[in-house]
Amino acid sequence: MIYGQKLIYKFLITLIVVLSSSVIASDKDYQLHIHVHYQKDSDSWKANYELPIAVEHVAFSRRSNFDRRKLYKIDESKFKWDQEGDVLLLRSVDGKKFTSLSIHFSSYYDFIQKDYTHNIKYTDGSVLLYTNHLALGANIIEDKSVSPIGASFKGTKFHFNGPNQNIVFLGQSHKDKASWNLEGEGTYIYFGNIQPIENDNMIAIVDPALPKWAWDQTQQYFPKLFDYYKAKTGQALNFKPVVFFNYDQVDGDYSNYSGGTLDGLVQLTINGQHWNTENKEKFNMLFHFLAHEAAHFWNGQMFSFEDQKHSWMHEGGADTFANFAMMEFGLINHEQMIQKFEDAANNCFLNKGNESLEQSAKLRRYRNYYNCGATMGLASHVAVKAKDSSKTVFDVWKNMFDANIKDRTYSQQDYFDALNNLTKSKKLSIAFEKFSSNSDLDNQMEVASWFERSEISTQYSEDYPKSVIRHWGKQVIYNLMRSHCKSISFSSYDDFVKTYPIDGCKSFEQSMEIQFVGGLEIFNDGMNAYNLFKDKCENGEMVTLQDKEKVDVAEVECLEKVQNSKPYMKLQAQL
């Protein structure tokens, strides 16, 4: 009897141990924890990584276009950088597994080609940090005997620390500390002491040096924009977006802007001292950018598109929204709105090339999605309006959103179905599908066909507007870089182009500021500059690139003949 009791007792102890082990295993936190500390005085960062299990290496999830080995400082007595293929790894020096590591770095404000800027600065010293440059890959190890989830960690949790600072992101404002579970492409986090500006539609962190006129007008129109999109699409935003608006390069003798969107935010930077003078044209450019990015809250975040190669809906749709919003608010009139679509139509057929529109991302011709998509938006608008004068292009999107309210995704076919339903015809959607998927088309003829027998007529002219003159001037740099480097990397300013170095390309191994080609301005005299360039290519001559002072900065050989300039296509509204 006593023996039996001991046996039962031993069995119960074993059972409790087994059950306890199961509970401990199931309760174990398999998240990766990243503790980010910002020191404002030194403008420096420390990121401490706590791994849920011991691993032999870690890899960053984003193959960012900067050298982490130069920026991120590690304890070299414990860790070392390693490379497997094109993946950068961190390993322990002694080869043993580890559960924690730290990196240190100073804020990095340099331009990163085709990627989010690592840090963005405000004039008062506050700063933005892009989270996903710090994120680690989720599949460091796949061994269910070590981890029941079959991977080294499940999800990432950031812990942000900024002593005596506001920490603002994704519609929330915190003090000193905050935490966030990483989602999607990540976000920008604000660290600093600027007081957030909040209204019913948004939270904004605005640079204190921002020219007052620029912010006053932004604040006047931006809230109206959200109400306008809500009314036109029939969909209210289910989140409050953040607007990060900073002023950089304040002494630069020029003006430009840059930025973009991530889930729940718009990030906008204006550069150059020319912004200090109030200018309607500059603000209209700025508003169009904001209106385009805000449109993505609807067509990219609340509803997402299924296939990247059909981005003409996403990007062109946003440009279409923005053009109509500008007319709605009186920033431009109807004729000026048609002019914006006219510019898009010409840029579409000038830049698309022989390949299908679907191939644009593969060929890095991302602007085709904006320009061709906006032109398709206008063609959709006039076709829908011809059938029912009370309808607009927004009704295509409203129908599409309503039809996909459950899964909140949409496809190119969904757009065509909505267009067919509103026009009672498949003609236009068939033409769009052909342009999207077919190669070797006469792009100009195809675009013109979308407006046949509509309220928009197409006419051809050699009276080129400023935007097209600039286009042909930029084509000089575009053609030279493409033929020499098989890649393109330059930015446009008010009156010059700045090229960026391309690895392995001797002709463009250094950054250059180019304003003249053989003495002709590439922007103000772009047609003649391009024709001069074309003649030199036909004769096998060198092309001279010059800076603002007409000082030669490079002589580059023309490696191939280039296309003739095309006539300009005008869109004329038949009122």
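Here the structure is shown first, and the text comes after it.
What you are looking at is a predicted structure, and each value in this text was computed from that prediction instead of being measured. (Residues numbered from 1 in each chain as written. Predicted model: local features only at pLDDT ≥ 70, side-chain atom pairs only at ≥ 80, totals over all residues. Heavy atoms only, no water.)

One pass over the structure, following the stated rule, counts one cavity of 30 Å³ or more. What the largest cavity holds in volume is close to 40 Å³. Along the walls of the largest cavity sit Trp312, Met313, Gly316, Gly317, Thr320, Gly373, Gly377, Val393, Trp397 and Tyr415, which together make up its complete lining. Counting residues per element, the ones that place at least two in the lining of the largest cavity are helix 5 (312-328), helix 7 (367-387) and helix 8 (393-403). The biggest single contributor to the lining of the largest cavity is helix 5, with five residues. Here the residues of the lining of the largest cavity sort into five nonpolar, five polar and no charged. (1 Å grid on protein atoms, 1.4 Å probe; cavity = no way out; pocket = protein on both sides within 12 Å on 5 of 7 lines; lining within 4 Å. Points joined across faces, edges and corners; volume = space filled by probe spheres on them. Helix = DSSP H or I, 4+ residues; strand = E, 2+ residues; numbered from the N terminus. Nonpolar A, V, L, I, M, F, W, Y, C, P; charged D, E, K, R; others polar.)

It is worth spelling out the nonpolar core at this point. Residues Tyr229, Phe287, Tyr415, Trp450 and Leu545 are the most contacted members of the largest nonpolar core, which totals 115 residues. Examining the composition of this core, we find that 11 residues originate from one element, helix 4 (residues 280-302), more than from any other. With residues near it in sequence (within four places) discarded, Trp450 still touches Cys372, Thr375, Met376, Ala379, Leu428, Ala431, Phe432 and Phe435. With 37 residues, the next largest nonpolar core counts Tyr30, Leu134, Ala178 and Trp180 among its residues. (Core = buried A, V, L, I, M, F, W, Y, C linked by side-chain atoms within 4.5 Å. Buried < 20%, exposed > 50% of the residue type's maximum accessible area, 1.4 Å probe, protein only. Contact = heavy atoms within 4.5 Å.)

Here Ser461 shows up in strand 19 (residues 456-461). Sequence separation of Ser461 and Lys570 is 109 residues, and the distance between their C-alpha atoms is 7.2 Å. The contacts of Ser461, once residues within four sequence positions are left out, are Pro567, Tyr568 and Lys570. A polar atom in the side chain of Ser461 sits 2.8 Å from the backbone nitrogen of Asp463. (Polar contact = N/O pair within 3.5 Å; in protein donor to acceptor, adjacent residues only side chain to side chain.)

The five strands lie next to each other as 12-13-14-16-15, forming an open sheet whose pairing is mixed. Looking along the sheet, the strands with just one partner apiece sit at the ends: strand 12 (197-198) and strand 15 (256-262). Summarising the sheet, strand 12 and strand 13 (residues 203-206) pair through two bridges and their orientation is antiparallel. Directly across from Ile197, in strand 13, lies its bridge partner Ala204. On top of the sheet, helix 3 (residues 212-233) reaches strand 12, strand 13 and strand 14 (242-248); it is set at about 160° to strand 14, its chief contact. Packed onto the sheet, helix 4 meets strand 14, strand 15 and strand 16 (265-271) and runs at close to 10° relative to strand 15. (Pairing = 2+ DSSP bridges. Axes fitted to C-alpha atoms, helices over the stretch in contact; angles between N-to-C directions.)

Bringing the packing of aromatic side chains into the picture now. Following the criterion strictly, the structure yields 56 aromatic pairs and no others. When the ring of Phe283 is compared with that of Phe287, the centres are 6.3 Å apart and the planes differ by 35°; the resulting orientation is tilted. Of this pair, Phe283 and Phe287 both sit in helix 4, four residues apart, roughly one helical turn. Take Phe287: its relative accessible area is 1%, and that puts it in the buried class. Taking NZ or CZ as reference, Arg68 lies 4.3 Å from the ring centre of Phe60, over its face. (Phe/Tyr/Trp six-rings, centres within 6.5 Å; stacked < 30°, edge-to-face > 60°. Lys NZ or Arg CZ within 6 Å of the ring centre and 35° of its normal.)

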